[in-house]
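Each chain, letter by letter, is given below.
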Amino acid sequence: MLDAFSRAVVNADASTKCIGGDDLASLRSFVAEGNRRLDAVNAIASNASCMVSDAIAGMICENQGLIQAGGNCYPNRRMAACLRDGEIILRYVSYALLAGDASVLEDRCLNGLKETYTALGVPATSTIRAVQIMKAQAAAHIKDQPSESFAGNRLRKMGSPVVEDRCASIVAEASSYFDRVIAALS
Ligand SMILES: CCC1=C(C)/C(=C/C2=NC(=C\c3[nH]c(/C=C4\NC(=O)[C@H](C)[C@H]4CC)c(C)c3CCC(=O)O)/C(CCC(=O)O)=C2C)NC1=O
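Residues numbered from 1 in each chain as written. Predicted model: local features only at pLDDT ≥ 70, side-chain atom pairs only at ≥ 80, totals over all residues. Heavy atoms only, no water.

Take the overall build of the chain next. If you tally the helices and strands in the chain, you get ten helices and zero strands. Within the chain, counting contacts between residues at least 6 apart in sequence, those at least 24 apart form 71% of the total. Total accessible area on the chain is roughly 10100 Å²; 54% of this is exposed by carbon and sulfur atoms. A gap of 5 Å separates the mean positions of the 19 positive and 20 negative side-chain charges of the chain. (Helix = DSSP H or I, 4+ residues; strand = E, 2+ residues; numbered from the N terminus. Contact = heavy atoms within 4.5 Å. Areas by Shrake-Rupley, 256 points an atom, 1.4 Å probe, with all protein chains shown as cover. Lys, Arg positive; Asp, Glu negative; His and termini not counted. Charge placed at Lys NZ, Arg CZ, Asp CG, Glu CD.)

See below:
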């Protein structure tokens, strides 16, 4: 797996150059935004179990055949596998966000996942729906603006000190990792 630093080294080495202008500028902003990044990872990690259960519940509400006989979240063994997969996916997205690079997500989680799902009859469109919900939740938690109408009495704010742009660049980066999951399953 690579992170923002090792990625810069690998790219420079591939073209036999020294690490220079653009690479250093992007690493400089990676360092400058380091605390935001850690807050963003924490916003996901410390809300993960709530996010996963809510995303899977939402997916099932929209498609109740999943928990009826013949559905892929029936019986409980499959429901448990589905919740576990939601947790795995969110965990690898949080690793990618921490590293600033998608390789850990691609290599250790997404590689072969579509084929596994096809072989087991796990419906990719439903998994994609759950991932879309987690993408929206992650954006809300990183911005520290969870929606009262969705969260109800479980609403939890982290008290993020960054208010001017609500960590827009980190939200965009996190969203791009969820988009990679969606692309890998499409
Ligand atoms: C580290 C990376 C990693 C991933 C990603 C992973 C996924 C993974 N999910 C699996 C199963 C599964 N995954 C699901 C998931 C779902 N069913 C649904 O209807 C929903 C749409 C969806 C949840 C969102 C289910 C139900 C199974 C069990 C399928 C079966 O045994 O029939 C399996 C087959 C083996 C097992 O059951 O444990 C693997 C390998 N394993 C890994 O090691």
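Having put the structure on the table, let's press on.
Before going further, it helps to examine the packing of aromatic side chains. Within the structure shown, the criterion is met by two aromatic pairs. For the ring pair phenylalanine 5 and phenylalanine 30, a centre distance of 5.6 Å and an interplane angle of 90° mean the geometry is edge-to-face. With phenylalanine 5 in helix α1 (residues 4-14) and phenylalanine 30 in helix α2 (residues 21-32), the pair connects residues that are 25 residues apart, well separated along the chain. A relative accessible area of 40% means that phenylalanine 5 is categorised as partly exposed. Judged by its relative accessible area of 16%, phenylalanine 30 is buried. Seen from their ring centres, tyrosine 92 and tyrosine 95 are 5.2 Å apart, and the 80° between their planes marks the pair as edge-to-face. Here the residue tyrosine 92 and the residue tyrosine 95 both occupy positions in helix α5 (residues 76-99), the gap between them amounting to three residues, near one helical turn. Looking at tyrosine 92, the relative accessible area reads 14%, which means it is buried. (Phe/Tyr/Trp six-rings, centres within 6.5 Å; stacked < 30°, edge-to-face > 60°. Buried < 20%, exposed > 50% of the residue type's maximum accessible area, 1.4 Å probe, protein only.)

Not every one of the 23 residues close to the ligand is listed here, only the nearest: Arg77, Arg78, Cys82, Arg84 and Asp85. Contact between the ligand and arginine 77: an oxygen atom at 2.9 Å from a side-chain N or O atom of the residue. Contact with the protein chains hides 77% of the accessible area of the ligand, taken as 880 Å² for the molecule alone. Comparing atom positions with the cavity grids shows the ligand to sit within the second largest pocket. For the shell around the ligand, the secondary structure elements donating two or more residues are α4 (48-62), α5, α6 (103-110), α7 (113-120) and α8 (124-143). (Near = heavy atom within 4 Å. Polar contact = N/O pair within 3.5 Å; in protein donor to acceptor, adjacent residues only side chain to side chain. 1 Å grid on protein atoms, 1.4 Å probe; cavity = no way out; pocket = protein on both sides within 12 Å on 5 of 7 lines; lining within 4 Å. Sits in = over half its atoms within 2 Å of the grid points.)

A word on the nonpolar core. Judged by nonpolar contacts, the single largest core of 44 residues is most densely connected at Ile56, Met59, Leu97, Leu105, Met134, Ile142 and Val181. Elements with a minimum of two residues in this core: α3 (34-45), α4, α5, α6, α7, α8 and α10 (168-185). Apart from the residues within four sequence positions on either side, leucine 97 is in contact with Arg37, Ala40, Val41, Ile44, Ile142, Ile170, Glu173, Ala174 and Tyr177. (Core = buried A, V, L, I, M, F, W, Y, C linked by side-chain atoms within 4.5 Å.)

Turning our attention to the domain arrangement of the chain. How big an interface is tends to be reported as the loss of accessible area on association of its parts. Entries for the chain in the domain assignment read domain 1 (1-32) and domain 2 (34-185). Contact with domain 1, which involves eight residues of that partner, is made by nine residues of domain 2. Here domain 1 and domain 2 share an interface that buries about 680 Å² over both sides, 48% of which is from carbon and sulfur atoms. Put simply, domain 1 and domain 2 have one salt bridge between them. With its nearest N and O atoms 2.6 Å apart, the salt bridge here joins aspartate 101 to arginine 7. Inspection of the domain 1/domain 2 interface yields six residue pairs in polar contact (both at pLDDT 80 or more). Counting only elements with at least two residues in the side of domain 1 that touches domain 2, the list comes to α1 and α2. The leading source of residues in the side of domain 1 that touches domain 2 is α2, at three residues. In terms of residue class, the side of domain 1 that touches domain 2 is built from six nonpolar, no polar and two charged. (Domains from an automatic or database assignment. Buried area = accessible area lost by both parts, 1.4 Å probe. Salt bridge = Lys/Arg side-chain N within 4 Å of Asp/Glu carboxyl O. Nonpolar A, V, L, I, M, F, W, Y, C, P; charged D, E, K, R; others polar.)

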